[in-house]
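# Secondary and tertiary structure notes
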Amino acid sequence: MTSTFLPDKRSGGRAAALPPPVAGAGGGRARRRLLNWLTAMGFQLPALVLFGVLVLLPILFALYASFFRWGGFGMPSDYTGTDNFTRLFQDDVFLGDLWRCLLLVLLSLALQLPFALAMAVLLNQKIRGRAVYRMLFFAPYVLSEAITGVLFGMIFAPDQGLADHVLGAVGLEGLGGEWFSDPSTVMATLFLVMTWKYFGFHMMLYLAGLQSIPAELTEAAIVDGANAWQRFRHVTLPLLAPTLRISVFLSVIGSIQLFDLVWVVTAGGPDHHSETMAVTMFQYGFKRYQVGYASAISVAMFAISLVFALAYQRFVLRRDLAGATTNMRGDGA
């Protein structure tokens, strides 16, 4: 190995020897990168195995089973092609499930989330006992869906429930009735229960977003003469937009996949008027043993959720995700 000689100004132009390059330096960096990759994969491997076994394999098997007429015992063998999917769009119950899903989404976006936002703005003010109010409003979300369903099943029991007794006590007994057993009122009553159960979760999301807004911006708006509505419209709402977008996403996905609360309260009745796609899937899969058709329903639910998630990420969350990616790369502030 030869040394490299360069002129040295400090030695009057005499050549100075540079140290020879270290042999295998590039190979050492490659080995370190490989070691780092293997270490990272070693930590991720248990999670990847669990995700594959508990998520990917069931999805793939449900897709496979959806092409068979299968009762759930043994391996699927009666291949029917796309008959189960053709049956979906000829099934009045499933088409009704799609309509009820859309109805719940619209009601959530129009009523539940604005109510949660209003309560979050109110409880973000300096009012006495706001910590207690926050706890009380968030407490229903902590309860399980089973407990919530049993509780409201007793509250709205015909003629004997608390709701009918309260209405009777104030002279409005004519407004009471068969809350969950009347097709004309079951969805409205069910949405009332859903709002009581879930609005506290969205309220806490909004509270977290409101508390992250710098107080200096609001104070500057006050100095500029903005009233309360103008401050909310032009300062608070734009800065809260990322939280609102996440809340809308969670609300829509939750409405598409709603099952346990409906199953405990009404089991889809009366006469399918409160069924959701998940309830219909459960009915066919575990009550009628038509697992092939139930698998087709599950694939349809997955496809609807996936298409919505990808479209929402592409057109609504694009700016938020782009900002997060920029910050992770160190290109932004």
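Here, the structure is the one placed above.
As the structure is a prediction and not an experimental result, all values here were calculated from the model.

### Re the environment of Phe156
With respect to the helices, strands and loops of the structure, Phe156 is situated in the loop between helix 5 (145-155) and helix 6 (162-169). Look at Phe156 and you get buried, because its relative accessible area is 7%. Residues Phe156 and Ser181 lie 25 residues apart in sequence; the distance between their C-alpha atoms is 9.9 Å. If we ignore the near neighbours within four places in the chain, the residues touching Phe156 are Ala163, Trp179, Phe180, Thr189, Leu192 and Val193.

### Let's talk about the nonpolar core
A general trend in soluble globular proteins is that nonpolar side chains are found buried together. Among the nonpolar cores identified, the biggest contains 19 residues, and Leu104, Phe156, Phe180, Val193, Met194, Leu258 and Leu261 are the most heavily contacted of them. Every element with two or more residues in this core is listed here: helix 6, helix 7 (186-211) and helix 10 (260-265). Setting aside its immediate chain neighbours within four residues, Leu104 contacts Met187, Phe191, Met194, Ser255 and Leu258. In this structure, Cys101, Ala278, Val299 and Met301 belong to the second largest nonpolar core, which totals 17 residues.

### A closer look at the side chain of Arg134
Relative to the helices and strands, Arg134 resides in helix 4 (residues 130-142). Glu219 provides the closest opposite charge to the buried, unpaired Arg134, separated from it by 16 Å. The residues contacting Arg134, other than those within four sequence positions of it, are Leu123, Asn124, Met203, Leu207 and Gln211.

Analysis parameters
- Residues numbered from 1 in each chain as written.
- Predicted model: local features only at pLDDT ≥ 70, side-chain atom pairs only at ≥ 80, totals over all residues.
- Heavy atoms only, no water.
- Helix = DSSP H or I, 4+ residues; strand = E, 2+ residues; numbered from the N terminus.
- Buried < 20%, exposed > 50% of the residue type's maximum accessible area, 1.4 Å probe, protein only.
- Contact = heavy atoms within 4.5 Å.
- Core = buried A, V, L, I, M, F, W, Y, C linked by side-chain atoms within 4.5 Å.
- Lys, Arg positive; Asp, Glu negative; His and termini not counted.
- Salt bridge = Lys/Arg side-chain N within 4 Å of Asp/Glu carboxyl O.

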